[in-house]
Amino acid sequence: MRTTEMGPVLVATEADDVTADMVISELNRRGVPVVRFNPADIGDGLTVSARYGGRPTPMVGRLLTPSRDAYLEHVRAVYWRRPTWPTFPDLSPDDARFAAAQTRYGLGGILHALDRPLWVNHPLRNAEADYKPHQLALAHRLRLAIPQTLITNDPNEARAFVAAHPAVIHKSLRSTSYQRDGVPVVSWAEQVTADEIDDRVRVVPHLFQERVEKAHDVRVLIVGHQVFAVRIESDLLDWRRDYSALTYSVISLPTPLETALCAFLDAFDLVSGSFDLAVDRAGTYWFLELNPNGQWGWLEENTGLPMAAAFADLLTQGGSTRD
């Protein structure tokens, strides 16, 4: 018999995560036991053990931190927020790669083998949903409006695409922890001209996209069956450049759009995700991208929407929501 419904919620995240703190506070108010941990702490504050075979259940095990203890067979839900994995800088490069692999496939494998808790979201599902080409193809199949887009490492194709549209932007296919001379570098959406494209495009695939002449942006957070939509006003091509220049208002989405976005998450087997949309002056909603594990804490602070409570509701229900 499964007992995950009354067990703890695991919260996997880095040390400084205010958004996770908001959800944990909500869970604490509900009296739900929480065990917060970060994979990077393995061997230094994080201990895990699991046994297989010879028992009625496929696995029994424990996860221990300096202040918490979870029996893994009783876990009701896993909130996979912003965990980091260890890099073992004190080891030689070969030893560090070996140790990192053992941790990912040992600790990661133990967590993946849990007896059907609710994942928000499962890391493998997050990874699958993080491919922008896959997102664009799915959005098209769901009849969402998408800007004309080219992904290529052919500079001639890129120049022809840019020349064929009134305005084109370039954005990265994947955000990474990138530094130049020790300074973090953020990749923004930028307008590009045909003259700026040269043979450096051949090195890797690039994403070029017709620019939407937007009236405003919309960020949509879906948590289980709850949908939160926020209109974002700014004069910026990429509103992430300056959060102090933004204003927010709560809106309701057209029903067909809301249905399509929920179907989008279902297609990736996700229970939560953050969508970025652009709305043009004719009122058309354009799909830009999904962040399966996007930030949302600042939106709750600015709008009062009960987003943390929605996550807490979902995690409290746990694996029973999938039965």
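See the structure printed just above.
Below, the structure is looked at part by part.

Parameters and conventions
- Residues numbered from 1 in each chain as written.
- Predicted model: local features only at pLDDT ≥ 70, side-chain atom pairs only at ≥ 80, totals over all residues.
- Heavy atoms only, no water.
- Helix = DSSP H or I, 4+ residues; strand = E, 2+ residues; numbered from the N terminus.
- Buried < 20%, exposed > 50% of the residue type's maximum accessible area, 1.4 Å probe, protein only.
- Areas by Shrake-Rupley, 256 points an atom, 1.4 Å probe, with all protein chains shown as cover.
- Lys, Arg positive; Asp, Glu negative; His and termini not counted.
- Charge placed at Lys NZ, Arg CZ, Asp CG, Glu CD.
- Pairing = 2+ DSSP bridges.
- Axes fitted to C-alpha atoms, helices over the stretch in contact; angles between N-to-C directions.
- Contact = heavy atoms within 4.5 Å.
- Salt bridge = Lys/Arg side-chain N within 4 Å of Asp/Glu carboxyl O.
- Expected span 1.5 Å × (residues − 1).
- Polar contact = N/O pair within 3.5 Å; in protein donor to acceptor, adjacent residues only side chain to side chain.

## Regarding the overall build of the chain
Okay, step 1: Helix and strand counts for the chain come out as 8 helices and 18 strands.
Okay, step 2: Residues counted as buried form 44% of the 323 residues belonging to the chain.
Okay, step 3: Taken as a whole, the chain presents about 16800 Å² of accessible surface, with 51% of it coming from carbon and sulfur.
Okay, step 4: Each charge sign in the chain was given a centre, from 32 positive and 41 negative side chains, and these centres are 4 Å apart.

## As for the sheet that holds strand β12 (residues 190-192)
Strand-to-strand pairing in sheets goes through backbone hydrogen bonds, with the strands running parallel or antiparallel.
Okay, step 1: Taken together, the 4 strands give an open sheet; going across it, the order is β8-β13-β9-β12, and neighbouring strands pair in antiparallel fashion. Looking along the sheet, the strands with just one partner apiece sit at the ends: β8 (149-152) and β12. Averaged over neighbouring strand pairs, the angle between their axes works out to 35° when direction is ignored.
Okay, step 2: Bridge count between β8 and strand β13 (residues 206-210): 4 bridges; the pairing is antiparallel. Looking at β13, one finds that Leu150 is bridged to Phe208.
Okay, step 3: Packed onto the sheet, helix α5 (residues 155-163) meets β8, β9 (168-171), β12 and β13 and runs at close to 165° relative to β8.

## As for the pattern of salt bridges
Okay, step 1: According to the stated counting rule, one finds 18 salt bridges in the structure shown.
Okay, step 2: Measuring nitrogen to oxygen at the nearest pair gives 2.5 Å for the salt bridge that ties Asp21 to Arg36. A residue pair is termed long-range when its members are at least 10 positions apart, and Asp21 in helix α1 (residues 18-29) and Arg36 in strand β2 (residues 34-37) qualify at 15 residues.
Okay, step 3: Exposure remark for Asp21: the relative accessible area of 34% places this residue in the partly exposed category.
Okay, step 4: For Arg36, a relative accessible area of 25% gives the class partly exposed.
Okay, step 5: Across the pair Lys214 and Asp217 runs a salt bridge, and its minimum N-O distance is 2.7 Å. Asp217 shares its class with Lys214; the two are buried.
Okay, step 6: Residues joined in a network through salt bridges with shared partners are Glu26, Arg29, Arg30 and Asp313.

## Comments concerning the sheet that holds strand β3 (residues 47-52)
Okay, step 1: Taken together, the 3 strands give an open sheet; going across it, the order is β3-β4-β5, and neighbouring strands pair in antiparallel fashion. Unpaired on one side and paired on the other, β3 and β5 (69-71) mark the two borders of the sheet. The average undirected angle you get between the axes of adjacent strands in this sheet is 5°.
Okay, step 2: As judged from the 3 bridges shared by strand β4 (residues 59-64) and β5, these two strands associate in the antiparallel manner. In the strand pairing of β5, Leu63 is matched with Ala70.

## So, unusual backbone geometry
Okay, step 1: Look at the link from Val120 to Asn121: it is a cis peptide, with omega at -15°.
Okay, step 2: Tracing the chain through its elements places Asn121 in the loop between β7 (118-120) and α3 (123-129).
Okay, step 3: With phi around 50°, Phe88 is a residue other than glycine that occupies positive phi space.
Okay, step 4: Within the element layout of this structure, Phe88 appears in the loop between β6 (77-80) and α2 (93-112).
Okay, step 5: Overall, Phe88 belongs to the partly exposed group, its relative accessible area being 22%.
Okay, step 6: In this model, Asp269 sits at a positive phi of 60°, which is unusual for a non-glycine residue.
Okay, step 7: Its location among the elements puts Asp269 in the loop between α6 (255-267) and β17 (272-280).

## Here's the deal with α1
An α-helix turns once every 3.6 residues. As a result, residues three or four positions apart point the same way.
Okay, step 1: The end-to-end C-alpha separation of α1 is 17 Å, in line with the 16 Å expected for 12 residues at 1.5 Å each.
Okay, step 2: Restricting attention to buried positions, one finds in α1 the residues Thr19, Ala20, Met22, Val23, Ile24, Glu26 and Leu27.
Okay, step 3: At its buried positions, α1 is contacted by β1 (9-12), β2, β6, α7 (297-303) and α8 (307-317).
Okay, step 4: The residue sitting at the N-terminus of α1 and contributing the capping side-chain oxygen is Asp17; that oxygen lies 3.2 Å from the backbone nitrogen of Thr19.
Okay, step 5: Gly31 lies just past α1 and shows a positive phi near 75°.

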